[in-house]
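Chains, contacts and geometry: an overview
Next come the chains, spelled out residue by residue.
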Amino acid sequence: MLISMNDILQPTREHRFAIGAFNVADSCFIRAVVEEAEATRTPAIISIHPSEHDFVTDAFFAYVRERTLKSPMPFVLHLDHGASIEHVQRAIQCGFTSVMIDGSLLPYEENVALTREVVRLAHAVGVSVEGELGTIGQTGNSVEGGVSKVTYTDPAQAQDFVTRTGVDTLAVAIGTAHGIYPKDVKPALQMHILRDICQRVSIPLVLHGGSSNPDAEIAEAVTLGVGKINISSDMKFAYFQKAREILSRESWWDPNVIYPEPILAAREVIRNKMALFGSLGKASLY
């Protein structure tokens, strides 16, 4: 089944779990997410960045919707890091059930105004909206970008932002970064900021840059009120590492011979993240 972000995140705080939002880039990643969700009876969010949307084209989402609508598991089709109203409108026209508008690099009042307008447009057609306050770091190896110096989310501003915009979920900056961290970088999340935000707002919070962060900190974030955690690089790294391994030793060119093992490698990462987030088997709540 294909549902809104509001509906899929509704039980997360009460039951203390989060749902993985997995950035897909083609039909193989769709298969990895959907098949693992079905095998483990786990809710999942299928997330698409605008650059990935450009790559797969609008017609791709007829397949995605067909696959998820006929599944007994709950799914959301979500636009990740939409940068404009045009990005949002395109996603809604393609049948997305949730959109993110990322105005985090704008001056605060401009972010509020843009997010509020997207909320007005999206809510009119039953689509959920995620906003962002503060900036996510970047490791230099992700198409999702980010900034070299993180601006942490101000808890009081987060409360004001949620009240004035009406967003359904809020992405917060507590020290995560998009991409795979270099070996000499050890991320440390600012959990005191997250605790303060969680005490001030009641909507589910979102962590971007969820790959490669310490499991203990991610697990703690879930207990505090994070309901959605974005995963992209870990899953894609495993997939393409396996693909490179196969192509380095074989001269095959048939996709049905090359891709099954990479899909399984991605599924293993997806399953491990679902377990870490506490969402395995939670489809019974819907």
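All of these numbers come straight from a predicted model, not from anything done at the bench.

So, about the overall build of the protein. For the protein, the helix and strand inventory stands at 13 helices and ten strands. Within the protein, the proportion of its 286 residues that are buried is 55%. Sequence-distant contacts, at least 24 apart, represent 73% of the contacts inside the protein between residues at least 6 apart. By element, 53% of the accessible surface of the protein is carried by carbon and sulfur atoms, the whole surface being about 12100 Å².

Attention now moves to the pattern of salt bridges. A full pass over the atoms with the stated rule returns 19 salt bridges. Linking Glu66 and Lys70 is a salt bridge whose minimum nitrogen-to-oxygen distance equals 2.5 Å. Owing to a relative accessible area of 65%, Lys70 belongs among the exposed residues under this scheme. Salt-bridge contacts for Arg249 lead to Glu250; the nearest nitrogen and oxygen are separated by 3.7 Å. Residue class for Arg249 comes out partly exposed when judged on its relative accessible area of 45%. Residue classification places Glu250 among the partly exposed positions, given a relative accessible area of 30%.

Moving on, we come to empty space enclosed by the protein. Summed over the entire model, instances satisfying the criterion amount to two cavities of 30 Å³ or more. Its boundaries defined by the atoms lining it, the second largest cavity holds a volume of some 30 Å³. In terms of lining, the second largest cavity is formed by Pro50, His53, Asp54, Leu79, His87 and Arg90. A per-element tally of the lining of the second largest cavity places helix 4 (residues 50–56) first, with three residues. Counted by class, the lining of the second largest cavity contains two nonpolar, two polar and two charged residues.

One pass over the full model with this rule turns up eight aromatic pairs. Here Phe29 and Tyr239 contribute two aromatic rings whose centre-to-centre distance is 4.5 Å and whose plane-to-plane angle is 40 degrees, an arrangement assigned as tilted. Of this pair, Phe29 sits in helix 3 (residues 27–40) while Tyr239 sits in helix 11 (residues 233–249), and the two are 210 residues apart along the sequence. One aromatic cluster is present, formed by Phe29, Tyr239, Phe240 and Tyr259 through successive ring pairs. Above the plane of the ring of Phe17 lies Lys282, whose end atom (NZ or CZ) is 5.4 Å from the centre.

Quick look at the environment of Arg244 now. Mapped onto the elements of the fold, Arg244 is located in helix 11. The exposure class assigned to Arg244 is exposed, which follows from its relative accessible area of 58%. Arg244 sits 18 residues away from Pro262 along the chain, and the two C-alpha atoms are 9.2 Å apart.

Our next topic: the packing of helix 8 (residues 155–165) against helix 9 (residues 191–200). In contact at an axis separation of 9 Å, helix 8 and helix 9 are set at 35 degrees when each is read in the N-to-C sense. When you trace helix 8 past helix 9, the crossing you get is right-handed. Here helix 8 contributes Pro155, Ala156, Ala158 and Gln159 to the contact with helix 9, which in turn contributes Ile193, Asp196, Ile197 and Arg200. A breakdown of the residues in the contact of helix 8 with helix 9 according to their chemical character gives five nonpolar, one polar and two charged.

The subject of this paragraph is the pairing of strand 2 (residues 44–48). Most of strand 2 is tucked away: five of the five residues are buried. Here strand 2 shows two buried faces, one formed by Ala44, Ile46 and Ile48 and the other by Ile45 and Ser47. Of the strand pairs in this sheet, strand 1 (residues 19–23) and strand 2 are connected by three bridges, and their pairing is parallel. Bridging across to strand 2, Phe22 finds its partner in Ile46.

Here we take up the UniProt feature "active site" (unreviewed entry) in the protein. Mapped onto the present numbering, the UniProt feature "active site" (unreviewed entry) falls at Asp80. The residue Asp80 is located in strand 3 (residues 75–82) in this model.

Our next topic: the side chain of Glu132. Relative to the elements of secondary structure, Glu132 occurs in strand 5 (residues 128–133). For the buried Glu132, no salt bridge exists, and the shortest N-O distance to an oppositely charged side chain is 8.7 Å, to Lys228. Here the side chain of Glu132 touches Ser104 through a polar contact of 3.5 Å, side chain to side chain. Apart from residues lying up to four places away in sequence, Glu132 is in contact with His81, Met100, Ile101, Asp102, Ser104, Asn111, Phe161, Leu170, Ala171 and His208.

Parameters at a glance
- Residues numbered from 1 in each chain as written.
- Predicted model: local features only at pLDDT ≥ 70, side-chain atom pairs only at ≥ 80, totals over all residues.
- Heavy atoms only, no water.
- Helix = DSSP H or I, 4+ residues; strand = E, 2+ residues; numbered from the N terminus.
- Buried < 20%, exposed > 50% of the residue type's maximum accessible area, 1.4 Å probe, protein only.
- Contact = heavy atoms within 4.5 Å.
- Areas by Shrake-Rupley, 256 points an atom, 1.4 Å probe, with all protein chains shown as cover.
- Salt bridge = Lys/Arg side-chain N within 4 Å of Asp/Glu carboxyl O.
- 1 Å grid on protein atoms, 1.4 Å probe; cavity = no way out; pocket = protein on both sides within 12 Å on 5 of 7 lines; lining within 4 Å.
- Points joined across faces, edges and corners; volume = space filled by probe spheres on them.
- Nonpolar A, V, L, I, M, F, W, Y, C, P; charged D, E, K, R; others polar.
- Phe/Tyr/Trp six-rings, centres within 6.5 Å; stacked < 30°, edge-to-face > 60°.
- Lys NZ or Arg CZ within 6 Å of the ring centre and 35° of its normal.
- Axes fitted to C-alpha atoms, helices over the stretch in contact; angles between N-to-C directions.
- Left-handed = near helix turned anticlockwise from the far one by under 90°.
- Pairing = 2+ DSSP bridges.
- UniProt positions renumbered as here; feature names shortened; annotations may be inferred.
- Lys, Arg positive; Asp, Glu negative; His and termini not counted.
- Polar contact = N/O pair within 3.5 Å; in protein donor to acceptor, adjacent residues only side chain to side chain.

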